[in-house]
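Structure assessment
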Amino acid sequence: MKYWREAFGEINGQTVWQYWLENRQGYQLAVTEYGATITHLVMPDQSGQMANVVIGYDTLADFVKQQAYFGATVGRVAGRIGQGAFTLDGHDYQAPINNGANTNHGGPNSFESQIWQSSVVEKDDAISVVFMLTSPDGENGFPGNLAVTTTYTLNEANEWLIDYQATTDKTTLFNPTCHVYLNLTGDFDQFVGQHTLQIDSDRFGAIQPDGLPTGELVPVAGSVFDLRQPRALQVAFDSENTQTKLVGGFDHPFLLNQTPGKADAILRDPESGRSITIDTEGNAIVIYTANGFGDEPNLTNQAIQPHQAVAIEAQMMPDAIHHTEFGNIVLHPGEQYQRRTRYKLN
Ligand code: G6D
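Values in this document were obtained by computation on a predicted structure and should not be read as measured data.

A word on the overall build of the protein chain
Counting secondary structure elements, the protein chain contains three helices and 28 strands. Relative to its length of 346 residues, the protein chain is compact, with a C-alpha radius of gyration of 19 Å against a globular reference of 20 Å. Seen through its C-alpha atoms, the protein chain measures out along the principal axes to roughly 60 × 50 × 40 Å. When the 346 residues of the protein chain are sorted by exposure, 59% land in the buried category. Pairs at least 24 residues apart make up 65% of the contacts formed inside the protein chain by residues separated by at least 6 positions. A total accessible area of about 13400 Å² is found for the protein chain, and carbon and sulfur atoms account for 45% of it.

Brief notes about the sheet that holds strand β17 (residues 181-182)
Taking strand neighbours across the sheet as the criterion, the six strands line up as β17-β26-β25-β22-β19-β20 in an open arrangement whose pairing is antiparallel. Looking along the sheet, the strands with just one partner apiece sit at the ends: β17 and β20 (213-219). Where β17 and strand β26 (residues 310-315) come together, two bridges link them in antiparallel fashion. Residue L182 lies in a different strand from β26, and its bridge partner there is V310.

Considering the site of the ligand
Taken together, Y69, R80, H105, H179, Y181, D251, Y288 and E313 make up the full set of residues near the ligand. Take H179: an N or O atom from its side chain is 2.9 Å from an oxygen atom of the ligand. For the ligand, the accessible surface in isolation is 290 Å², of which the surrounding protein chains cover 85%. Here the ligand occupies the largest pocket.

Describing the layout of surface pockets
Space inside the largest pocket adds up to approximately 520 Å³. Around the largest pocket, the lining is made up of 29 residues, and of these R80, N99, N104, H105 and D251 lie nearest the centre. Put simply, the parts of the chain that give the lining of the largest pocket at least two residues each are β22 (251-255), β25 (284-288) and β26. Top element by residues in the lining of the largest pocket is β22. It accounts for three residues. In terms of residue class, the lining of the largest pocket is built from twelve nonpolar, twelve polar and five charged. Here the second largest pocket is characterised by a volume of approximately 270 Å³. Lining the second largest pocket are 13 residues, with Y34, Q66, Q67, E112 and S113 sitting closest to its centre.

Some points on the pattern of salt bridges
Across all of its chains, the model carries twelve salt bridges by this definition. A salt bridge links R24 to E156; its shortest N-O distance comes to 3.8 Å. In this pair, R24 is assigned in the loop between β2 (14-22) and β3 (28-32) and E156 in the loop between β13 (146-155) and β14 (159-168), connecting sequence segments 132 residues apart. Here E156 falls in the buried class, since its relative accessible area comes to 15%. For R203, the salt bridge is made with E325, and the minimal N-O distance between the two is 3.5 Å. Separated by 122 residues along the polypeptide, R203 in strand β19 (residues 203-207) and E325 in the loop between β26 and β27 (330-331) bring together distant segments of the chain. Residue classification places E325 among the exposed positions, given a relative accessible area of 52%. One salt-bridge network, held together by shared partners, links E159, D279 and R342.

Thoughts on the side chain of H105
Here H105 lies in the loop between β10 (103-104) and β11 (117-122). Discounting chain neighbours no more than four positions away, the residues touching H105 are Y69, V74, G75, V77, A78, G79, S110, E112, H179 and E313.

Some points on the environment of E122
With respect to the helices and strands, the residue E122 is situated in strand β11. Given the relative accessible area of 52%, E122 is considered exposed. For the pair formed by E122 and K2, sequence separation is 120 residues and the distance between their alpha carbons is 8.6 Å. Apart from residues lying up to four places away in sequence, E122 is in contact with Y3 and I127.

A look at empty space enclosed by the protein
Across all of its chains, the model carries one cavity of 30 Å³ or more by this definition. The space that makes up the largest cavity amounts to roughly 30 Å³. If you go around the largest cavity, the residues you meet are F188, D189, L299, T300, Q302, A303, I304 and Q308. When grouped by side-chain class, the residues that make up the lining of the largest cavity number four nonpolar, three polar and one charged.

Procedures and definitions
- Residues numbered from 1 in each chain as written.
- Predicted model: local features only at pLDDT ≥ 70, side-chain atom pairs only at ≥ 80, totals over all residues.
- Heavy atoms only, no water.
- Helix = DSSP H or I, 4+ residues; strand = E, 2+ residues; numbered from the N terminus.
- Rg over C-alpha atoms; globule rule 2.2 N^0.38 Å.
- Buried < 20%, exposed > 50% of the residue type's maximum accessible area, 1.4 Å probe, protein only.
- Contact = heavy atoms within 4.5 Å.
- Areas by Shrake-Rupley, 256 points an atom, 1.4 Å probe, with all protein chains shown as cover.
- Pairing = 2+ DSSP bridges.
- Near = heavy atom within 4 Å.
- Polar contact = N/O pair within 3.5 Å; in protein donor to acceptor, adjacent residues only side chain to side chain.
- 1 Å grid on protein atoms, 1.4 Å probe; cavity = no way out; pocket = protein on both sides within 12 Å on 5 of 7 lines; lining within 4 Å.
- Sits in = over half its atoms within 2 Å of the grid points.
- Points joined across faces, edges and corners; volume = space filled by probe spheres on them.
- Nonpolar A, V, L, I, M, F, W, Y, C, P; charged D, E, K, R; others polar.
- Salt bridge = Lys/Arg side-chain N within 4 Å of Asp/Glu carboxyl O.

Geometric descriptors of this kind do not, in isolation, establish any biological role.
Below is the structure:
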């Protein structure tokens, strides 16, 4: 394993660093302090051809321009909170509204646009970059001083690991994710319709037209949401299903079955033979098929377009604070939050 770091750009006179991790087989993971963001993931296709498979720019300036959370650590709470309102320990809290009538991805200028502190941990078979951030009490309406670390690791087993840790001094909400967008062709002029996706999920979360979960968990059986066997994403783009038609593809949480010994999700590009197997300790995976792309800086010499990538966001169910079946995202003082997501790069 080896690593190097380079200045990625400057914000308010402060150098923002980017780290490149590389294993002996030539797999590379690049991450930056801006948003604790993954910027590149380089892996081989079936003939050994290396390519970057995640949306990312070569300059910090382009990352700052986009608003689609490219590769970023999202928090404090990934996904929407209905009306941005919640009650904890008898206190009512209001987060700023930044998406229709709701708060999305922790509100404006959240984890994704902050400069995290970084350090490197080297082991024989793995290298990690540890990003640290303190979110002050009351930031974006959330209670408690929250100390967060996002740790990205690349290892010799060709795995990319994300570990989140956090502590708080007041009862608060915490539900981070990594907003990585994948296109396993390695060519960002291509669409992801031919990628197959498999998810170990019997029920998905229905959404309202504004993207907020309705609270209903709908059986996937007999619908385009049935990804228990691999299915091409194009099916969701073309479907007459009312839920996919609402948003022009998937922008939905899948509640994971968490079957022991079974992968939570597998994304595969049949043409290149690249695939990524995802296992997470959260109870959900949100699939967002980049339906709203259009305003972001170009990735190639063509304008960016919907369905050029798919975001696979491992987390707890969005709007969990308002639906008991969606799981717990409350963090109390004295608790040590810990959650891992593993991406096996095949
Ligand atoms: C998310 O669910 C949301 C989308 O609606 C949003 O537009 C995107 O992040 C940027 O996954």
